[in-house]
Amino acid sequence: MTATTDAPTRTGTHPRVEGLDKVTGRARYAYEYAADEVAYAWPVTASVGAGEVRGVDVDGALAQPGVLAVLWHGNAPSLADVGDSKVAVLQSPVVAFRGQVVALVVASTSEQAREVATTLTVTYDSREPDVVLRADHPTLYRPESVNGGYSTDSVIGDAVAEFDACPVQVDATYTTPPEHNHPMEPHASTAVWGDGRLTVYDSSQGGNAVRSTLSTLFGIDRELVRVVTSHVGGGFGSKGMPRAGVVLAVMAARQVDRPVKVALTRQHLFDLVGYRTPTIQRVRLGADPDGRLRSIDHQALEQTATVEEFAEQSVAATRVMYAAAHRRTAHRLVRLDVAVPSWMRAPGETPGMYALESAMDELAVATGVDPVELRIRNDPDVDPETGARFSSRNLVACLTLGAQRFGWAGRDPEPGVRREGRWLVGTGMASSTYPTYATAASCRAGVDPDGGYDIAINATDIGTGARTAMLLVAADTLGVDPSQVRVRVGDTDLPQAGLAGGSMGTTSWGMAVEKACRELLEAVRAAGGVVDERIEVAVDTKAEIAAQAELSRHAFGAQFVEARVDIDTGEVRAPRMVGMFAAGRIVNARTARSQLIGGMTMGLSMALHEEGVPDAAFGGFTNHDLSTYHVATVADVGDIDVGWIDEVDDDVNTIGTKGIGEIGIVGTAAAVANAVYHATGVRVRDLPITLDKTGQLA
Amino acid sequence: MKQFAYARPADREEAVAMVSGSPGARYLAGGTNLVDLMRLGVAGPDLLVDVSALLPSGVQEQPDRGLLIGAGTPNSDLAADERIRRDHPVLSQALLAGASGQLRNMATVGGNLLQRTRCVYFTDVTKPCNKREAGSGCPARTGAHRDLAVLGASEACIATHPSDMAVALAALDARVHVSGSDGDRVLALDDFYRLPGEDPSRDTTLKHGDLVTAVEIPLASALTRRSAYRKARDRASYAFALGSVAVALEVSGTTVRDVRIAFGSLAHRPWRARTAEDALRGAPATADAFSAAVEVELGAAAPLPDNAFKVPLARNLAVSVLSALLEEAPR
Ligand SMILES: Cc1cc2nc3c(=O)[nH]c(=O)nc-3n(C[C@H](O)[C@H](O)[C@H](O)COP(=O)(O)OP(=O)(O)OC[C@H]3O[C@@H](n4cnc5c(N)ncnc54)[C@H](O)[C@@H]3O)c2cc1C
Ligand code: SF4
C-alpha cells in the first residue's frame with residue numbers, strides 16, 4: 001500500500017480501539033444517555049421563505065396532551081449575543097430562511113412533541129425569498145476576509161494583461177451546487193441541569209466550543225458546564241461548532257426543569273446545520289505552448305445568509321498550487337434568504353480545486369501536454385504567493401507514483417474514442433492539496449505502579465479513529481506496546497483541546513500527547529526510573545504553536561480515475577480510482593486508509609450525485625431526504641486504491657503529521673470530470689455530472 | 001406523529017368493511033411508503049387496517065390462465081420466483097431494479113402498485129400541491145420537475161408514478177384483482193391506473209375501501225420469455241427511475257412478430273407504448289425501425305425545460321433493450 005522511500009517510518013497499524021463497542025451497540029451516542037424524567041423537544045421550522053413571525057398559538061399547543069412548554073421568540077429566555085446567528089435561536093421575529101427554527105415544543109414523549117410541533121399554528125408576515133445564486137446578482141459584494149482567515153483577494157503582477165498576451169488561453173466557468181454534509185448520525189443532544197451545573201451529551205466535533213458557547217449564551221460559569229462527546233457518528237464539518245439543536249435542548253431543560261433531549265431529523269439537517277455554498281467560478285489560465293503557466297486568474301462567487309456572513313475560501317488552494325508570475329484570486333458573495341452556509345469537508349479546497357483542476361485539464365488539452373506532465377512542469381519551488389519555503393512538498397512524487405500505480409503511461413489523449421460494448425471509456429486525473437493546521441492543546445499523561453499508562457485529552461473521535469491515533473502516538477513516544485496505554489477523550493472534564501476539524505486533530509492533539517509522554521518519561525527518569533506511586537504530568541502546546549516558523553505547510557496528492565459513460569443513457573460510472581498522497585507521518589495506516597478512501601468516495605459523490613436544489617419559489621431546498629439528495633451508494637463505488645509516500649517532515653510540526661481527514665475529497669470531482677471528458681469529448685463544467693449532461697441524449 | 005388506531009382484521013371481508021366504512025382508514029401492507037408519508041404528514045389516517053397477514057402471498061399457477069400473484073407477496077419473493085425469472089424475466093428485473101434489498105423484503109405487490117408519487121412538493125406539506133390538496137396549485141411546472149412527466153400530464157399535475165414493477169406488469173398485460181364493498185372485480189392495468197386530468201388526487205380508479213388481493217399475469221409465451229427491463233437513474237442503485245422501459249420481443253425471420261413496450265417514469269401511470277407496438281408488428285426488426293416507431297410514440301411528449309432529456313432517454317432505452325433482445329433472438 002505504501003510507496004516507500006528510504007526514510008524511516010513511524011506508521012503504525014492498529015484496529016479502532018472502540019470498534020467492538022460500536023459494532024455491538026455498546027458505544028453510547030448523545031441521544032442514548034439515560035436521564036430521569038427526561039422530556040423531549042421538537043423544533044418547529046419556518047414554512048415561509050423569508051419574513052417575520054407574527055404569532056404562535058401557544059395556548060392551543062399547551063392544551064395538547066403531554067405538552068410541557070412552547071417556546072418562541074415572544075416568550076423564550078434571552079440569550080447573550082455570541083455573534084453567531086446559528087445559535088441565537090428564538091431571539092428575534094426575523095425569518096431569514098425557510099426551515100429556520102421559529103418555535104420549540106417540549107413534551108413528555110418524543111411523539112407528543114413532534115405531533116404538536118408539526119401542527120402548531122405559526123403566523124407570519126412573509127415576503128418572496130431570493131435564494132438563487134447568479135453571476136449577475138446585483139448585490140454581489142466583496143467580503144472583508146474569508147473563512148480560515150484568508151485574504152479575500154490576492155494580486156501579483158497583472159494577471160489580466162498577461163492572460164491577454166498568452167498564446168494559449170483557457171477561460172472557463174465552473175459551477176457547483178449546494179452540498180449537504182449529512183453525517184450518518186444526525187445532530188442530537190441530551191441536556192441535564194442539576195445543582196447549578198449543566199451536563200450536555202452532544203453530537204459534536206468539539207465539546208470545548210460547545211461548552212464556551214453555552215456558558216456565554218446562558219450566562220453560566222464555564223467550569224459549571226460539562227460537555228460529553230464520547231462517540232460521534234460523523235460530522236464532515238456540520239458539527240464543528242454548536243448549532244441550534246444543542247442550544248434548544250439546554251434552553252428547554254432549564255425551562256421545564258427536566259433533562260431534555262433533542263434529535264434533529266434528516267429533514268432538519270438540510271436547513272439547520274450548515275451546507276457547502278454553491279459556487280460559480282471563473283478560471284483563466286494563460287500559458288506558453290509548452291504548458292508553462294504565465295497567468296492564473298480565479299474568481300469564486302458564493303452565497304451567504306442575510307443574517308450572517310460565511311465566506312468559503314474557494315480560491316485559497318489556487319494560491320499554492322502552481323507557479324506563474326502573474327496571478328489574481330478573488331471571492332465575491334451575495335447575501336440571500338438562505339441558511340448560513342458553513343464548513344463541509346475541505347471547505348474551500350473542495351469546490352476550488354474542482355474548478356482549477358478542470359481548467360488544468362483544459363489547458364492540457366489545449367497544449368497537448370500530458371496532464372501529469374503539465375502539473376510537474378508548473379510545480380513551484382516555493383509558495384508561489386507568499387514566497388515562503390514549503391515545509392515539504394511532494395506533489396511531483398504523488399503524480400509520478402500515482403500515475404505508475406494507475407497505469408497512466410501511454411494514455412492516448414484523444415477524447416471520445418475508446419468504446420467497450422455500450423460504454424465510452426476514459427481516464428482523468430487531478431491534484432489534491434490541503435493546508436496543515438495546528439492549534440494548541442493540553443494533555444495529561446500518567447503511569448501507575450502496575451505499569452499501565454493513561455492519556456487524557458478532550459479530543460473528539462468523530463469516527464475517524466482519533467482515539468486509536470492518540471494511542472499510537474503515545475505508545476510510540478513511550479516506547480511501549482499500545483496494550484499498556486489507555487486513552488480517554490470526548491469530555492470537557494479532560495484537558496482542553498481543539499475540535500476535530502480542519503484535518504488538524506491528529507496534529508494538534510498528537511503534539512500534546514507526544515509532549516506529555518516525553519515529559520512523563522522524564523518524570524519517571526527523575527524519580528530514578530521506578531514507579532512506586534502514580535506519576536502524572538500535564539502539558540500544553542501553546543509555546544510550540546507560538547514558536548512555529550513561517551513556512552508554507554500543505555499536504556499534497558494526486559488522483560486518477562477511470563470513467564465509463566453509457567452511450568444509451570449517459571449514465572456515468574467510475575470503476576477504478578487511485579489516490580496517492582504525501583501527508584507527512586501517517587500515524588495509523590489502517591484508519592488512514594479509511595479516511596482517504598472515504599474522502600475520495602465523497603469526492604466521487606460530489607462529482608456524480610450530490611445536489612442541493614434551491615427552491616426558487618418557496619425558499620429553502622426542494623430536497624428533504626436522502627432519497628432526493630443522492631449520495632453515492634456502494635454500487636456506485638468501484639475499486640479505490642489509496643497509497644502514500646513516507647513523507648518525513650521534521651519542519652511541519654513537532655510530530656511530522658499533516659492531516660488526512662480532508663485531502664481525500666480534494667480534486668476527486670475534477671479527476672472524474674476530466675475522465676468523463678476523455679471518455680466522451682464532452683466537458684461538463686457544472687456539477688453534478690448527471691446523465692443528462694454527458695452529451696449522449698441528443 | 002398523529003394518533004391513530006390500528007386493527008388486524010381476521011379476514012378480507014372484515015378488512016374491506018372496516019376501511020369502506022371509515023373515510024380516514026387506510027390499508028397497511030409493508031408500510032414502506034405509507035409510514036413514510038405518515039411521518040411527513042402527507043398521510044394522516046386515523047385507522048390503520050393491517051392486511052399484511054391476511055393478504056395471499058406467493059405465486060399460484062392457474063391452469064390455462066397464467067399466474068396469480070398474491071397482493072401480499074413480498075417484492076423480493078416475487079423477484080426470486082423461478083417461474084417469473086424464467087418466463088417473465090422483465091418482471092423480476094424490474095423488481096430488482098427498485099428500492100433496496102431491505103425495502104423489497106418489506107414491500108408487497110399491492111403496496112408497490114399503490115405507492116404514491118415522489119414529486120418533492122407532494123411530499124412536503126408546507127408547500128402547495130394539487131394532488132395532496134385539491135386546488136392548491138402545482139408548483140412543479142415552474143419549479144422542480146426534472147423527475148416528472150413528459151406524457152399524459154395535465155395542467156393540474158405532472159407527477160409520475162414511481163413503481164418499476166408496475167411498468168413490467170403493464171408490458172405483461174397484467175390484471176388486478178380487487179375486493180370492494182360491492183364485491184370482487186378484475187381490472188386491466190390500463191383501467192386500474194389513470195392520468196391526472198382535472199383530479200390528480202387519485203392515482204387509480206379504485207374507490208375508497210377497495211382492496212387489491214392479487215395480480216394476474218397471462219400465460220407465458222415466447223414473447224414474455226424474451227423480455228427485459230432497463231432503468232436509468234441518478235446513481236447505480238437505490239434511486240427512482242428517470243426513465244425506464246419494459247420490453248418483450250418476438251421475431252420471426254427478420255420481422256417483428258410481436259412486441260410489448262412500456263415506459264416508466266414518463267407519466268402518471270406506466271406508459272404502454274401501443275402506437276409504437278402497432279407500428280412495429282410486422283415491421284423489419286432493425287434498430288432503425290425500433291427507433292422510428294418509438295419516436296412516433298414519443299412525439300406526443302410535452303416536456304418542460306428540465307425534463308426534456310427524458311424523451312431521448314426513453315427512446316434510447318427502448319431501442320437499446322429491443323436491440324439487445326433482437327441479438328439473442330432465435331430467427
Ligand atoms: C428509499 C426508498 C426507495 C425506493 N425505491 C424504489 C424504486 O426504485 N422503485 C420502486 O418501484 N419503488 C421504490 N420504492 C417504493 C417501494 O417499492 C414501495 O414503498 C413499496 O412497494 C410499497 O409497498 P408496501 O407493501 O410497503 O406498501 P404500504 O406502504 O404498506 O402501502 C402503500 C399504499 O398502498 C396501500 N395498500 C397497500 N396494500 C394494499 C392492498 N392490498 N390493497 C389496497 N391498498 C393497499 C396503502 O394503504 C398505502 O396507501 C422505494 C421506497 C423507499 C422508501
Ligand atoms: S406535479 Fe402533481 S404531485 Fe407534483 S406538485 Fe404538481 S400536483 Fe402535486
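On a predicted model such as this, the values are computed, not experimentally measured, just so you know.

1. Concerning the site of ligand 2
In the vicinity of ligand 2, 13 residues are found, and the nearest of them are Cys119, Cys129, Cys138, Cys157 and Ile158 of chain B. Of the residues contributing to the shell around ligand 2, the split by class is 11 nonpolar, 1 polar and 1 charged.

2. Thoughts on the domain arrangement of chain A
When the parts of a complex come together, some accessible area is lost, and that lost area is often used as the size of the interface. Residues and elements named next belong to chain A. Taken domain by domain, chain A consists of domain 1 (33-128 + 184-234 + 239-272), domain 2 (145-179 + 275-436 + 551-694) and domain 3 (439-546). Relative to domain 3, the C-alpha centre of domain 1 lies at a distance of 35 Å. Each partner contributes to the interface: domain 1 provides 18 residues, whereas domain 3 provides 15 residues. Both sides of the domain 1 and domain 3 interface together cover about 1200 Å² of buried area, and 40% of this is carbon and sulfur. Together, Gln205, Asn208 and Arg226 form the three largest contributors to the area buried by domain 1 at its contact with domain 3, with a combined 40%. At the boundary of domain 1 and domain 3, one finds 2 salt bridges. Where Arg226 meets Asp491, a salt bridge forms, and the shortest distance between an N and an O atom there is 2.6 Å. Counting the contacts that link domain 1 with domain 3 gives 9 residue pairs in polar contact (both at pLDDT 80 or more). Looking at the side of domain 1 that touches domain 3 residue by residue, the class counts come to 4 nonpolar, 11 polar and 3 charged.

3. Things to note about the nonpolar core
By size, the foremost hydrophobic cluster in this structure holds 82 residues, and its most contacted members are Leu285, Leu293, Phe560 and Ile689 of chain A. In terms of residue count, helix 15 (residues 589-608) of chain A provides more of this core than any other element does, 9 residues in total.

4. A closer look at the packing of helix 12 (residues 466-478) of chain A against helix 13 (residues 505-526) of chain A
Residues and elements named next belong to chain A. Two elements in contact, helix 12 and helix 13, have axes separated by 9 Å at closest approach and are oriented at 30 degrees. Both helix 12 and helix 13 take part in a crossing whose hand is right-handed. Each of Ala466, Ala469, Met470, Val473, Ala474, Thr477 and Leu478 in helix 12 lies in contact with helix 13, whose residues at this interface are Thr506, Trp509, Gly510, Val513, Glu514, Cys517, Arg518, Leu520 and Leu521. In terms of residue class, the contact of helix 12 with helix 13 is built from 11 nonpolar, 3 polar and 2 charged.

5. Things to note about the interface of chain A and chain B
On the chain B side, the residues contacting the 34 residues of chain A number 33 residues. Among the residues chain A hides against chain B, the three largest losses belong to Phe618, His624 and His630 of chain A. Together they make up 18% of the total. Across the contact surface, chain A and chain B share 4 salt bridges. The closest approach of N and O atoms between Asp566 of chain A and Arg230 of chain B, which form a salt bridge, is 2.6 Å. There are 15 residue pairs in polar contact (both at pLDDT 80 or more) connecting chain A and chain B. The greatest single-element share of the side of chain A that touches chain B, amounting to 3 residues, is contributed by helix 3 (residues 110-119) of chain A. Class assignment for the residues of the side of chain A that touches chain B results in 10 nonpolar, 13 polar and 11 charged.

Thresholds applied
Residues numbered from 1 in each chain as written. Chains lettered and ligands numbered in written order. Predicted model: local features only at pLDDT ≥ 70, side-chain atom pairs only at ≥ 80, totals over all residues. Heavy atoms only, no water. Near = heavy atom within 4 Å. Nonpolar A, V, L, I, M, F, W, Y, C, P; charged D, E, K, R; others polar. Domains from an automatic or database assignment. Contact = heavy atoms within 4.5 Å. Buried area = accessible area lost by both parts, 1.4 Å probe. Salt bridge = Lys/Arg side-chain N within 4 Å of Asp/Glu carboxyl O. Polar contact = N/O pair within 3.5 Å; in protein donor to acceptor, adjacent residues only side chain to side chain. Core = buried A, V, L, I, M, F, W, Y, C linked by side-chain atoms within 4.5 Å. Buried < 20%, exposed > 50% of the residue type's maximum accessible area, 1.4 Å probe, protein only. Helix = DSSP H or I, 4+ residues; strand = E, 2+ residues; numbered from the N terminus. Axes fitted to C-alpha atoms, helices over the stretch in contact; angles between N-to-C directions. Left-handed = near helix turned anticlockwise from the far one by under 90°.

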